[in-house]
Amino acid sequence: MSETVVDNPSQNRFEMTVDGELAVVYYRQEGEALVLVHTEVPQALSGQGVGSRLARGVFNLIRASGRKAIVRCPFLVKWASRHHDVDDLVVG
């Protein structure tokens, strides 16, 4: 499984393709921070941990870019609350 999360700035979203299906996290830029507003995982991929793998990839990319995250998506709020290694990335 070579699932890679990529930033697609022209669509304001992070993307990960799994089994031909696209899972995404939408964001908007606010200064140096990214406001993570919505996560979508196709129903066909539900219950397989895709959302968690997508979240991990998103936070890894944010860390690598030197930016911070303002988390507004309820799924990502819950995910980040259980993964304290991203606490330093979350602001606001």
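So, a few notes on the structure that sits alongside this text. (Residues numbered from 1 in each chain as written. Predicted model: local features only at pLDDT ≥ 70, side-chain atom pairs only at ≥ 80, totals over all residues. Heavy atoms only, no water.)

1. So, the overall build of the protein
- When you go through the protein residue by residue, the secondary structure sums to two helices and five strands.
- Listing each helix as α and each strand as β along the protein from the N terminus yields β-β-β-β-α-β-α.
- By the compact-globule yardstick of 12 Å for 92 residues, the protein fits well, its C-alpha radius of gyration being 12 Å.
- The principal-axis extents of the C-alpha atoms in the protein amount to approximately 35 × 30 × 20 Å.
- Long-range contacts, defined here as pairs at least 24 residues apart, represent 41% of the contacts in the protein between residues at least 6 apart. (Helix = DSSP H or I, 4+ residues; strand = E, 2+ residues; numbered from the N terminus. Rg over C-alpha atoms; globule rule 2.2 N^0.38 Å. Contact = heavy atoms within 4.5 Å.)

2. What to know about the sheet that holds strand β5 (residues 68-71)
- Ordered in space as β1-β2-β3-β4-β5, the five strands form an open sheet in which the pairing is mixed. The sheet terminates laterally at β1 (6-8) and β5, the two strands that pair on one side only. Averaged over all adjacent pairs, the angle separating strand axes in this sheet is 35°, with direction ignored.
- Sheet topology places β1 next to strand β2 (residues 13-18); three bridges connect them, and they run antiparallel. Of the residues in β2, the one forming a bridge with N8 is R13.
- Relative to the sheet, helix α1 (residues 50-65) contacts β1, β2, β3 (21-30), β4 (33-40) and β5, its axis offset from that of β2 by approximately 135°.
- Taken strand by strand, helix α2 (residues 74-82) contacts β3, β4 and β5, and its axis lies near 110° from that of β4. (Pairing = 2+ DSSP bridges. Axes fitted to C-alpha atoms, helices over the stretch in contact; angles between N-to-C directions.)

3. Brief notes about the layout of surface pockets
- Here the largest pocket is characterised by a volume of approximately 170 Å³.
- For the largest pocket, the lining is made up of 15 residues, of which V41, S46, G47, G51 and F75 are closest to its centre.
- Here the lining of the largest pocket takes three residues from α1, the largest share from any one element.
- Classifying every residue of the lining of the largest pocket by side-chain character gives six nonpolar, eight polar and one charged. (1 Å grid on protein atoms, 1.4 Å probe; cavity = no way out; pocket = protein on both sides within 12 Å on 5 of 7 lines; lining within 4 Å. Points joined across faces, edges and corners; volume = space filled by probe spheres on them. Nonpolar A, V, L, I, M, F, W, Y, C, P; charged D, E, K, R; others polar.)

4. What about the packing of aromatic side chains?
- What the rule picks out here adds up to two aromatic pairs.
- Ring centres of F59 and W79 lie 5.4 Å apart, and the angle between their planes is 10°; on these two criteria the pair is classed as stacked. Pair noted here: F59 is in helix α1 and W79 is in helix α2, with a separation of 20 residues, a long-range link.
- Classification of W79 as buried rests on a relative accessible area of 2%. (Phe/Tyr/Trp six-rings, centres within 6.5 Å; stacked < 30°, edge-to-face > 60°. Buried < 20%, exposed > 50% of the residue type's maximum accessible area, 1.4 Å probe, protein only.)

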